[in-house]
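# Descriptive structure summary
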Amino acid sequence: MRPAHWLPPVLWMGVIMLLSTDTGSAAHTGELLLPLLHWLLPWASPGDLAAIHGLVRKGAHLTEYAILAALWYRAFTRGRRLTPPTAGWLAFGISLAWATLDEWHQAFLPSRTSSATDVGIDGAGAAVIDAVALIVACRGWRAALDGATIAVLWLASAGGAVAIAINAWAGVPSGPLWVTTPAAAVVMLVRRRLRRRKPGA
C-alpha cells in the first residue's frame, strides 16, 4: 500500500489519541461549547445545556470513528484492492480495536473516564460507515443517496413530530419545527407520488 492510502487513517488515529488526552476532556470542551449552546438556546436550563453537551460529546465519538472506518475502508479498497466486504470487516475491526485501546488509555488519566458504552458508540459509528460503503459498492451511489434521503425525511418528520409533542408537554415553544416537520412530511409524500408515476426515476 502506498503512503497515500495508509497515511490518512494512521494520522487520524493520532488525532483520536490526542483528543483522548486531557485536551478532549469534558471540562475543556465545556469551556468552548457551553457558552455557544447558551447563546443558541437562551431558554435552556444549566441542566439542559449539560445534557446537550454530553450528547455532543457522544456524537463526536460516533463521528470520529465513522471517519476512521471510512479512511481504512478507502485504504483497503484502493491500496490492497480488497473486495468491499473484506475491506469493510477489516476497517470495522481496526476501528473497534482502536476504540478499545483509546478507552483503556483514558482509564489512566485523571481528567478522563473509561467507558464500555463509548466503545459501543465508537463501534456503531464505524459500523454505519461500513454499511453505507457496502451499499454504495453493491447498489451504487444513486441507490445509497436515495436511501439516505428517505431516512433523513423520516427523521425530520417523525422526529420533529416527537420534538413538538415533547415541547408542548414541557410548555416550550417549538419555533421552526412547526415549519420543517410538515415540510419534510410533504416532501416525502410528493416524492412517493412522483416515484409511482415514474417507476424508473
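Read on for a plain summary of the structure. (Residues numbered from 1 in each chain as written. Predicted model: local features only at pLDDT ≥ 70, side-chain atom pairs only at ≥ 80, totals over all residues. Heavy atoms only, no water.)

We now examine the overall build of the protein. A tally of helices and strands in the protein yields 7 helices and 0 strands. Scanning the protein from its N terminus toward the C terminus, one meets helices and strands in the order α-α-α-α-α-α-α. Expressed along its principal axes, the backbone C-alpha trace of the protein runs to roughly 50 × 50 × 25 Å. Out of the 201 residues belonging to the protein, those deemed buried represent 26%. By element, 73% of the accessible surface of the protein is carried by carbon and sulfur atoms, the whole surface being about 12,600 Å². Measuring between centres, the 17 positive side-chain charges of the protein sit 22 Å from its 10 negative side-chain charges. (Helix = DSSP H or I, 4+ residues; strand = E, 2+ residues; numbered from the N terminus. Buried < 20%, exposed > 50% of the residue type's maximum accessible area, 1.4 Å probe, protein only. Areas by Shrake-Rupley, 256 points an atom, 1.4 Å probe, with all protein chains shown as cover. Lys, Arg positive; Asp, Glu negative; His and termini not counted. Charge placed at Lys NZ, Arg CZ, Asp CG, Glu CD.)

If you check helix α4 (residues 84-106), its first and last C-alpha atoms are 33 Å apart, about what 23 residues at 1.5 Å a residue would give, namely 33 Å. Residues of α4 that are buried include every one of A87, G88, A91, S95, W98, A99, D102, E103 and Q106, and no others. (Expected span 1.5 Å × (residues − 1).)

As a volume, the largest pocket reaches approximately 290 Å³. The wall of the largest pocket is formed by 17 residues, among which L19, G24, T29, R57 and A60 lie closest to the centre. When contributions to the lining of the largest pocket are tallied by element, the ones reaching two or more residues are α1 (3-19), α2 (26-40), α3 (46-79) and α4. Per element, the largest residue contribution to the lining of the largest pocket is 5 residues, and it comes from α3. In terms of residue class, the lining of the largest pocket is made up of 6 nonpolar, 7 polar and 4 charged. Empty space within the second largest pocket amounts to approximately 240 Å³. Lining the second largest pocket are L41, W43, A44, D48, N167, V172, P173, S174, G175, P176 and L177. For the lining of the second largest pocket, the residue count by class is 7 nonpolar, 3 polar and 1 charged. (1 Å grid on protein atoms, 1.4 Å probe; cavity = no way out; pocket = protein on both sides within 12 Å on 5 of 7 lines; lining within 4 Å. Points joined across faces, edges and corners; volume = space filled by probe spheres on them. Nonpolar A, V, L, I, M, F, W, Y, C, P; charged D, E, K, R; others polar.)

A few words now on the nonpolar core. Judged by nonpolar contacts, the single largest core of 14 residues is most densely connected at M13, I16, Y65, L68, W72, Y73 and W98. With 6 residues, the top contributor of residues to this core is α3. (Core = buried A, V, L, I, M, F, W, Y, C linked by side-chain atoms within 4.5 Å.)

In the contact formed by α2 and α3, the axes pass within 10 Å of each other and the chain directions differ by 120°. Judged by the angle between their axes, α2 and α3 are oblique. When you trace α2 past α3, the crossing you get is right-handed. Residues A26, T29, G30, L33, L34, L37 and H38 of α2 lie in contact with α3, whose contacting residues are L49, A50, I52, H53, V56 and R57. Across the contact of α2 with α3, the residue classes tally to 8 nonpolar, 4 polar and 1 charged. (Axes fitted to C-alpha atoms, helices over the stretch in contact; angles between N-to-C directions. Parallel < 35°, antiparallel > 145°, perpendicular 65-115°, else oblique. Left-handed = near helix turned anticlockwise from the far one by under 90°. Contact = heavy atoms within 4.5 Å.)

Looking now at the packing of aromatic side chains. What the rule picks out here adds up to 3 aromatic pairs. Between the aromatic rings of W89 and F92, the centroid separation amounts to 6.3 Å while the plane-to-plane angle is 80°, which identifies the pairing as edge-to-face. Here W89 pairs with F92, and both are found in helix α4, just 3 residues apart, close to one helical turn. With relative accessibility at 64%, the residue W89 sits in the exposed group. Where W104 meets F108, the ring centres are 5.0 Å apart and the plane angle is 80°; that geometry is what we call edge-to-face. For W104, a relative accessible area of 56% corresponds to the exposed category. (Phe/Tyr/Trp six-rings, centres within 6.5 Å; stacked < 30°, edge-to-face > 60°.)

So, about the pattern of salt bridges. In this structure the tally under the stated criterion is 1 salt bridge. Across the pair D118 and K58 runs a salt bridge, and its minimum N-O distance is 2.6 Å. With D118 in helix α5 (residues 116-139) and K58 in helix α3, the pair connects residues that are 60 residues apart, well separated along the chain. We classify K58 as partly exposed; its relative accessible area is 35%. (Salt bridge = Lys/Arg side-chain N within 4 Å of Asp/Glu carboxyl O.)

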